[in-house]
Amino acid sequence: MTSNESLWHDTLRGGQAWSRRLARHQRLRLRDVEGRACVSALFYNARDPIERYNMPDTLKAQFTAFLTAGRVLYSDMGRILCSIVADDCGWHDTISGIGGADASRARFGEGSYQALRNDFHRNGRDNLLVELGKHGLGKRDVVSNVNFFVGVTVDETGALAWRPGNSRPGASVELRFEMDTLVVLSNTPHPLDPGSTYQPPPVELSIGTGPPAAEDDRCRLSRPENGRGFQLTEAYAAEMAGVR
Amino acid sequence: MSSFRMTESRLEPAAAAVDVTLPAGQGWTQELAPGDIFRIVDLEGNQAVDTLFFNGRDIDERYSATETIRAQGNIYLTTGTRLMSSEGRPLLTIVADTCGRHDTVGGACSAESNQVRYALDKQHMHNCRDSFLLALARYGHGMGKRDLPNNINFFMNVPVTPGGELTFADGVSGPGRYVEMRAERDVLVLISNCPQLNNPCNAYNPTPVRLLVWPKV
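Computed from a predicted model, the values in this text were never measured in an experiment.

Colleague: How do you make sense of the nonpolar core when you look at a structure like this?
Modeller: Within soluble globular proteins, side chains that are nonpolar generally end up buried alongside one another. Within the largest apolar cluster, 111 residues are counted, with the highest numbers of intra-cluster contacts made by A:V39, A:A41, A:F43, B:F53 and B:V187. The residues contacting A:A41, other than those within four sequence positions of it, are A:N145, A:V146, A:F148, A:V183, A:V184 and A:L185.

Shown next as structure tokens:
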């Protein structure tokens, strides 16, 4: 953790869902303990969740089809929800979505709670719906997500390919929040992962504090677009301080 | 799968039940029944048509760019592409296409994203998000900003390189090219005929499109 102080840490079991509000300038580190995790993630303005992560706006502003250190995650309102300040993988997917119950059943079998108790086969879409429901959100709020630790590439014809070995044991990615953000996570197998058994590995989460983005911050300077994104985000923080 | 595949339709415009011309900068909604055929014609060429679809009987189920990409294992849309819902079910299938490639990664322009992408003083410029919001407000049924997931950009070319770079390339469409799709269930269509003037997605000259619907025979 590049932050100053660790506030909280926990381990997400394989199959587990999670949600929590992160305050502006707090940090969240995700660590892929065994090196083959997929953590599907959605992000919302914690005060006004109608504002949420927007995959196309994030990719267009940074002329990229994937996420890594130095890049930021935009909301649909031109603001930066969080910045990626450290990354051991070099590639995190945001174009290939999450799987649901049908896809999980087709690949891994029924995997019911009745048979497996708490090792049952949870799937990404249902996990997100459960966590969103805790915040008054639902199907209408499931937008294109981020898949941390997953690499999916695109060839000249547009065809997708799974990137083997994208993560490795102990790899981590660290986010610095630029807005008060509701984070919703699902630690469930990616539907393009060629693995044939349901074995989502554990993922460690650490929340800490740290300094805000400096004037020479890598994420702020990586694109002129991001400089403007930070300006709009800082203007919003001032606006919200005024109506607190 | 080749990058560009052309497939023509035999349907005659004279037999269409709906035949409207939508100027650039305007929104539009249309309900389709299962089996209806819907065609979008790029009248003057290189015009991005930002489009969303909803299950007409349950608007909580709607078009999903990521489900569509993953279902066909390819980011470009063309003949044969099933336009998938957030529940992983086909809403429509593309049955004809004389353009050959359509985008679903680039999303819709907005006042706020124009500020990020171009300059803070671009907020006043007309954009697709505003056209979507006005069309949904007029359509009613409680629909609004929560009902704007990532859309399709018909006739738009947004190539992704093997290294993961995303670019906005010159249009691959031309005057009179069209894309045609069959509704697989009751569908609500939401369109913004893109007014973007800051990049080449409309060749810096937004133009009208023609929208036709043939009822199921």
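There's more to say after this.
Colleague: For this particular structure, what's the right way to read helix α1 (residues 55-62) of chain A?
Modeller: Two residues of an α-helix separated by three or four positions point the same way, owing to the 3.6 residues in each turn. With eight of eight residues buried, α1(A) lies mostly within the body of the structure. Residues of α1(A) that are buried include every one of A:M55, A:P56, A:D57, A:T58, A:L59, A:K60, A:A61 and A:Q62, and no others. Turning to α1(A), the residues buried within the fold contact β5 (72-74) and α6 (224-242) of chain A together with α2 (111-117) of chain B. A:F63 sits one or two residues past α1(A) and shows a positive phi near 50°.

Colleague: What is the right way to read the sheet that holds strand β4 (residues 39-45) of chain A from this model?
Modeller: Paired through backbone hydrogen bonds, the strands of a sheet run either parallel or antiparallel to each other. Residues and elements named next belong to chain A. Ordered in space as β2-β11-β4-β7, the four strands form an open sheet in which the pairing is antiparallel. Sheet topology places β2 (17-22) and β7 (146-148) at the edges, where each strand pairs with a single neighbour. When the angles between neighbouring strand axes are averaged without regard to direction, this sheet yields 25°. Across six bridges, β2 lies against strand β11 (residues 181-187) in antiparallel orientation. Bridging across to β11, R20 finds its partner in V183. Strands β2, β4 and β11 of the sheet are contacted by helix α4 (residues 124-133), whose axis makes an angle of about 145° with β11.

Colleague: Hey, could you run me through the pairing of strand β10 (residues 171-177) of chain A in this one?
Modeller: On any regular strand, side chains alternate: one points to one face of the sheet, the next to the other face. Residues and elements named next belong to chain A. Taking burial as the measure, the seven residues of β10 include seven buried ones, the bulk of the element. Burial along β10 is two-sided: the face carrying A171, V173, L175 and F177 and the face carrying S172, E174 and R176 are both buried. Here strand β3 (residues 27-32) runs beside β10; their pairing, made up of six bridges, is antiparallel. Paired with R27 across the bridge in β10 is R176. Where strand β6 (residues 80-87) lies against β10, five bridges are found, and the strand directions are antiparallel. Pairing of A86 across the sheet is with E174, part of β10.

Cut-offs and rules
Residues numbered from 1 in each chain as written. Chains lettered and ligands numbered in written order. Predicted model: local features only at pLDDT ≥ 70, side-chain atom pairs only at ≥ 80, totals over all residues. Core = buried A, V, L, I, M, F, W, Y, C linked by C-beta atoms within 7 Å. Buried ≥ 20, exposed ≤ 12 C-beta atoms within 10 Å, placed from the backbone. Contact = placed C-beta atoms within 7 Å. Helix = DSSP H or I, 4+ residues; strand = E, 2+ residues; numbered from the N terminus. Pairing = 2+ DSSP bridges. Axes fitted to C-alpha atoms, helices over the stretch in contact; angles between N-to-C directions.

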